[in-house]
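Inside the fold
Chain by chain, the residues:
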Amino acid sequence: MLKKRIIPILLIKNNELVKSTKYKDYNYIGDPINVIKIFNEKKADEIVVLDIDKSITGEDLNYELIKNLASECFMPLTYGGGIKNIQQAEKLFSIGIEKILLNSVNFNNLNLISQISKKFGSQSVIAAIDVNKNFFNKIYLFDWIKNKRINLDINQHVENCISHGAGELLINFVFKEGTLSGFETELLDFLEFNISIPLIINGGINSITNIQECLSCRKIDAIGIGSFFIYYGPYRAVLISYVSNKDLLIGK
Amino acid sequence: MINNIFKYQVCNRCIMDSTAIDIIFNSNGFCNFCSDFLTAQNNNNNYNNLSKFIEKIKIDGKNKKYDCIVGVSGGVDSCFALLKAVENNLRPLAVHMDNGWNSELAQNNISNLIRTLKVDLHTHVINWEEYRNFQKAFLEANVIDIELLYDNAMMSVNYRLANKFSIKYILSGNNTSTEGFKIPSNWSWFKNDAKNIKKIGKKFSNQEINTFPTFSTFNFIYYQMIKKIKWISFLNYFNYNKEKAIKELEEKTNFKKYPYKHYENIFTRFYQAYILPKKFGVDKRKLHLSNLIMSNQISRTEALKIIQQPCYPDIHEERKDLEYFLKKIKWDKEKLNEYISQKEIYHNFYGSEKHLWDTLVIINQKIKSFKNFFKI
């Protein structure tokens, strides 16, 4: 079995690195190139970079920036944000991106997953979903661009993404994102079937113990981490850190 | 004394040479830099006063969340200052400034240090686009002290936070033992020169000060004299030895040492090992090594051997830093070569506060001697 991965997830807005809380309140973190370089030297398993502007503005991707990021990153780099067609995906692969992450485009065009998957292999496509919870703690599918619930059945949507050829599934828990409140593995109970592809969870990770809990959960194959690797202490001081699977074994 | 600035000469005691414009050699061939250092060192009897000083910080900081600020870069000196502050039961707030050039090593050292010592940290991240514009402007202005930007902002960040938390002491890793040599006047520039930063930024990058934290002569007067915040070279209170400090940090905090000074910041490294020697003919290692010779931490023979080696320990590392520099600044190699070949222009050509500062220093001295004369 492949070892479970620990993946820093970085957000880009206006070509700057930011960190949000529950998809709001963006805080400036610094120059994305330097932060990627630091994670690279820390030998992170993989890195995911999401440009959160591009899906909203509809602008074309900032290939120059992405290329610079890829050139500082020797581990698999995933890019997501604003990808609408296979030509963009091709260009991304040509400048050093290893995986493409598709999220909101999957609501109305699942064919893009199929196209990329057929041409480059399913391992190169991550389907991402954002989920939120309602007043009764019921998990629902969230459209982060429109900032509201989308009327699709989550399980059906996930199944569609998988059947169209997604190689991995990333679930972002919006109500947890950036909160450092801890991820509870029970949050995955909403899934009604066994996910046949690797599952990455993201949202709320707040300690080494919390990472270990998630790693020991059978359903989880990889953990996405933002705030816990970016901030330190009561003032949320920016201080880049990383914990590898190996470090955790030594710590045991 | 013979002033020999036109003929190349190396000091017989340290390794300072006539690339320092204000060097003067005596009849033994000893220079004013090492002589001044010895005088200053003899006058530094701070380490007898440590406990008294610690008590004073504690009393002044009573009932406050923190009693001092320690600025940490991730380098040996500042990390050691923080360690010593905690070991002396002070309650420091660690402050770090991120200018977009942090190395992994620096982040790792700071992280290990503050987690082990259980100290709160405040990071000020300067907006990188703005900082880059200022750096680019300083490069294009052909002035020598590009690190004025970092040093100036760092002072500003530390004083502002001290003020915010009503802290009276900023403990810095500056020290006479490894940094006690006066920097030759043609190797750097006056560090409180906010005007110089504004003028050069505007002229070459059309960049205004938006979020960049500047520190002017008036800020200095405000924080030091009105707010009574003191900037302390904390390590002068200790018998500071760099090698021993590294060992102690390694044992106590998992510190990783650097191949040479200032390796915590990639730009500082590239600036000192590439730009300064290639464009300005300045090799700052002479200063640091001379300092170590005079504080008996290294022999002169050993220092002379080190200085013969290239500034970059290996060519691969130089190439890696160079490529990274070009990527970050958005220059190509041609532009860098052109820059290296251009002549230096002095900082004050663009407008500066140095004259104002010098005048104020003279006035201050006059007032002091006047007071002394009349025993006020």
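Residues numbered from 1 in each chain as written. Chains lettered and ligands numbered in written order. Predicted model: local features only at pLDDT ≥ 70, side-chain atom pairs only at ≥ 80, totals over all residues. Heavy atoms only, no water.

1. A closer look at the overall build of chain B
Which entries qualify depends on this criterion: Helix and strand assignments follow DSSP, with helices taken as H or I runs no shorter than four residues and strands as E runs no shorter than two, numbered in order from the N terminus. Taken over C-alpha atoms, the radius of gyration is set against a globule rule of 2.2 Å times the number of residues to the power 0.38. Only protein chains enter the accessibility calculation, which uses a 1.4 Å probe. A residue is then buried if its area is under 20% of the maximum for its type, exposed if over 50%, and partly exposed in between. Whether two residues are in contact is decided by their heavy atoms: any pair within 4.5 Å suffices. Using a 1.4 Å probe, accessible areas were evaluated by the Shrake-Rupley method; residue-level cover was limited to the displayed protein chains.
If you tally the helices and strands in chain B, you get 16 helices and five strands. Compactness check: chain B gives a C-alpha radius of gyration of 21 Å against a globular reference of 21 Å for 376 residues, within 12% of the reference. Dimensions of chain B, computed from the C-alpha atoms along their principal axes, are close to 60 × 50 × 50 Å. Burial status across chain B gives 55% buried among its 376 residues. Contacts in chain B between residues far apart in sequence, at least 24 positions, make up 78% of those at least 6 positions apart. With the model as given, the accessible surface of chain B reaches about 17500 Å², and the carbon-plus-sulfur share is 53%.

2. What about the sheet that holds strand β4 (residues 169-172) of chain B?
Strand pairing in a sheet takes place through backbone hydrogen bonds and is either antiparallel or parallel in direction. Residues and elements named next belong to chain B. Filter applied, for reference: The criterion for strand pairing is that DSSP finds at least two bridges linking the strands in question. Axes here refer to lines fitted to C-alpha atoms; in helices the fit is confined to the stretch in contact. Angles between the N-to-C directions go from 0 to 180 degrees.
Strand order in the open sheet formed by five strands is β3-β2-β1-β4-β5, and the pairing between neighbours is parallel. Looking at the sheet topology across the chains shown, the edges are occupied by β3 (120-125) and β5 (230-233). The average undirected angle you get between the axes of adjacent strands in this sheet is 30°. For β4 and β5, the ladder comprises four bridges, and the chain directions are parallel. Residue pairing in the sheet places L171 in a bridge with I232 of β5.

3. Concerning the pattern of salt bridges
Heads up, the condition is: A side-chain nitrogen of Lys or Arg and a carboxyl oxygen of Asp or Glu constitute a salt bridge if their distance falls within 4 Å.
A complete count under the given rule lists 34 salt bridges over all chains for this structure. With its nearest N and O atoms 3.2 Å apart, the salt bridge here joins B:K242 to B:D77. Taken together, the positions of B:K242 in helix α10 (residues 242-253) and B:D77 in helix α3 (residues 76-87) put the pair 165 residues apart, joining distant regions of the chain. A network of salt bridges, in which partner residues are shared, links A:R5, A:E46, A:K99 and A:E168.

4. Remarks on the environment of A:K54
Residue and element names in this part refer to chain A. What counts is decided by this rule: Think of a polar contact as two N or O atoms within 3.5 Å of one another; within protein, one of them needs to be a possible hydrogen donor and the other a possible acceptor, and neighboring residues in sequence only count if both atoms come from side chains.
Along the chain, K54 turns up in helix α2 (residues 54-57). For K54 and I83, which are 29 residues apart along the polypeptide, the C-alpha to C-alpha distance reads 8.2 Å. Excluding residues within four positions of it along the chain, K54 makes contact with E59, D60, L61, N62, Y79, G81 and G82. Within the structure, the side chain of K54 is placed 3.5 Å from the side chain of D51, a separation counted as a polar contact.

5. Here's the deal with the nonpolar core
For soluble globular proteins, nonpolar side chains are generally found buried alongside one another. Note the cut-off: Buried Ala, Val, Leu, Ile, Met, Phe, Trp, Tyr and Cys residues form a nonpolar core when they are joined through side-chain atoms within 4.5 Å.
A:F173 and B:F325 are the most contacted members of the largest nonpolar core, which has 161 residues in total. Excluding anything up to four places from it in sequence, A:F173 contacts A:V131, A:I139, A:F183, A:L187, A:L188, A:F190, A:I201, A:N202 and A:G203. Counting 40 residues, the second largest nonpolar core, distinct from the first, contains B:C79, B:A106, B:I110 and B:I246.

6. Digging into the packing of aromatic side chains
Residues and elements named next belong to chain B. Operational definition: Two rings from Phe, Tyr or Trp (for Trp, the six-membered ring) form a pair when their centres are within 6.5 Å of each other. A pair whose planes differ by under 30 degrees is stacked, one over 60 is edge-to-face, and the rest are tilted.
Scanning the entire structure with this criterion turns up 40 aromatic pairs over all chains. A centroid spacing of 6.5 Å and a plane angle of 45° characterise the contact between F53 and F234, whose relative ring orientation is tilted. In this pair, F53 is assigned in helix α2 (residues 50-60) and F234 in the loop between β5 and α10, connecting sequence segments 181 residues apart. Of the two residues, F53 and F234, neither departs from the other in class, the shared state being buried. Measuring from ring centre to ring centre gives 5.2 Å for F134 and F212, while their planes differ by 50°; the resulting arrangement is tilted. You can see F134 sitting in helix α5 (residues 128-140) and its partner F212 sitting in the loop between α8 (194-205) and α9 (217-226), a full 78 residues away along the chain. Classification of F134 by relative accessible area gives buried; the value is 0%.

7. Overview of unusual backbone geometry
Residue and element names in this part refer to chain A. Positive phi outside glycine occurs at N14, with the angle close to 50°. Relative accessible area serves as the criterion here: at 55%, N14 is assigned to the exposed category. The phi torsion at R236 lies on the positive side, around 50°, for a residue other than glycine. Relative to the assigned elements, R236 resides in the loop between β13 (231-232) and β14 (237-238).

8. Description of the interface of chain A and chain B
This is how it is decided: Defined here as a combined quantity, buried area equals the accessible surface (1.4 Å probe) lost by two parts on assembly, summed across both. Residue classes follow a fixed rule: Ala, Val, Leu, Ile, Met, Phe, Trp, Tyr, Cys and Pro count as nonpolar, while Asp, Glu, Lys and Arg count as charged, and any other residue, Gly among them, counts as polar.
Contacts between chain A and chain B engage 23 residues on the former and 30 residues on the latter. Across the interface of chain A and chain B, roughly 2300 Å² is buried in total on both sides, 54% from carbon and sulfur atoms. Broken down residue by residue, the surface that chain A buries against chain B is led by A:Y232, A:Y235 and A:L239, which jointly contribute 29%. Taking the shortest distance from any N to any O, the salt bridge between A:D31 and B:K328 comes out at 2.5 Å. Run the count over chain A and chain B and you get 13 residue pairs in polar contact (both at pLDDT 80 or more). Elements supplying a minimum of two residues to the side of chain A that touches chain B: β3 (24-30), α1 (32-41), α3 (63-71) and β14 of chain A. Taken together, the residues of the side of chain A that touches chain B break down into eleven nonpolar, five polar and seven charged.

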